[in-house]
Amino acid sequence: MSKILLPFITYIAFVAESTVMQVLAPEHYGWDFLMIPHFAMVLIILMSCYLKPSYGIVYGMIFGLLADLIYTDLIGVYMFSTALVAYFIAVLSRYLFSNFFVTILLSILGVAGLEFLVYGLNSLTGIADVRMADFFYDRLLPTLILNAVFTIIVFYPFAKLLRKIEG
């Protein structure tokens, strides 16, 4: 039963990404920065920390492809980036003691890695035309704060589910 919940919860988090931003979009409040929710990515990072690396890589590829198909014009950027970040987080988590604070740090690192990879690949292909300083202050920092708060909220219930699947 727990293994059936995992893709369902991740899909709900993926759908919640666009739903939350319709309500909490900064431009509704007169702010001119971007907060990009990566809720499914946060759950994939948690999977990479607590389960076998293959879980994170496979879920990263599936939900990255889904993000590519729905949100972008270039297929493969999110699929590649999400799977790669999931793999690196899985490797890092094997060398670090897995507790609440380390997991929050790995989540922030993973979301930052995803954002930098997507920014770099989109800059390379000519899709993104944003200076690094603007990207950092207007997109990266607000995105990291939003996703760190989400990680703090979902950490304990999702980690409990992952421990049940693992054991």
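Residues numbered from 1 in each chain as written. Predicted model: local features only at pLDDT ≥ 70, side-chain atom pairs only at ≥ 80, totals over all residues. Heavy atoms only, no water.

## With respect to the UniProt feature "transmembrane region" (unreviewed entry) in the protein chain
Then step 1. Per the UniProt annotation, the sites labelled "transmembrane region" (unreviewed entry) are residues 28-47, 77-93, 100-120 and 140-159.
Then step 2. Within the segment residues 100-120, helix and strand shares are 100% and 0% respectively, and the terminal C-alpha atoms sit 30 Å apart.
Then step 3. In the segment residues 140-159, helix accounts for 100% and strand for 0%; the C-alpha atoms at its two ends are 26 Å apart. (UniProt positions renumbered as here; feature names shortened; annotations may be inferred. Helix = DSSP H or I, 4+ residues; strand = E, 2+ residues; numbered from the N terminus.)

## Description of the environment of Val111
Then step 1. Note that Val111 resides in helix α5 (residues 100-125).
Then step 2. Sequence-distant contacts of Val111, defined by excluding residues within four places in its chain, comprise His38, Val42, Ile45, Thr143, Leu144 and Asn147. (Contact = heavy atoms within 4.5 Å.)

## A few points about the nonpolar core
Then step 1. Ranked by size, the top nonpolar core spans 44 residues in total, and within it Leu6, Leu46, Met47, Phe158 and Leu162 carry the most contacts.
Then step 2. Of all elements in the fold, only α1 (2-24), α2 (39-50), α3 (53-71), α4 (77-95), α5 and α6 (132-166) reach the threshold of two or more residues within this core.
Then step 3. Take this core: its biggest share by element is twelve residues, from α6. (Core = buried A, V, L, I, M, F, W, Y, C linked by side-chain atoms within 4.5 Å. Buried < 20%, exposed > 50% of the residue type's maximum accessible area, 1.4 Å probe, protein only.)

## Structural notes on the packing of α2 against α3
Then step 1. With their axes 8 Å apart at the nearest point, α2 and α3 run at an angle of 165° to one another. As judged from the angle between their axes, α2 and α3 are roughly antiparallel. Of the two possible hands of crossing, α2 and α3 adopt the one that is left-handed. Counting all contacts with α2, which are made through Ile44, Met47 and Ser48, the residues of α3 involved are Gly56, Tyr59, Gly60 and Phe63.
Then step 2. Split by residue class, the contact of α2 with α3 holds four nonpolar, three polar and no charged. (Axes fitted to C-alpha atoms, helices over the stretch in contact; angles between N-to-C directions. Parallel < 35°, antiparallel > 145°, perpendicular 65-115°, else oblique. Left-handed = near helix turned anticlockwise from the far one by under 90°. Nonpolar A, V, L, I, M, F, W, Y, C, P; charged D, E, K, R; others polar.)

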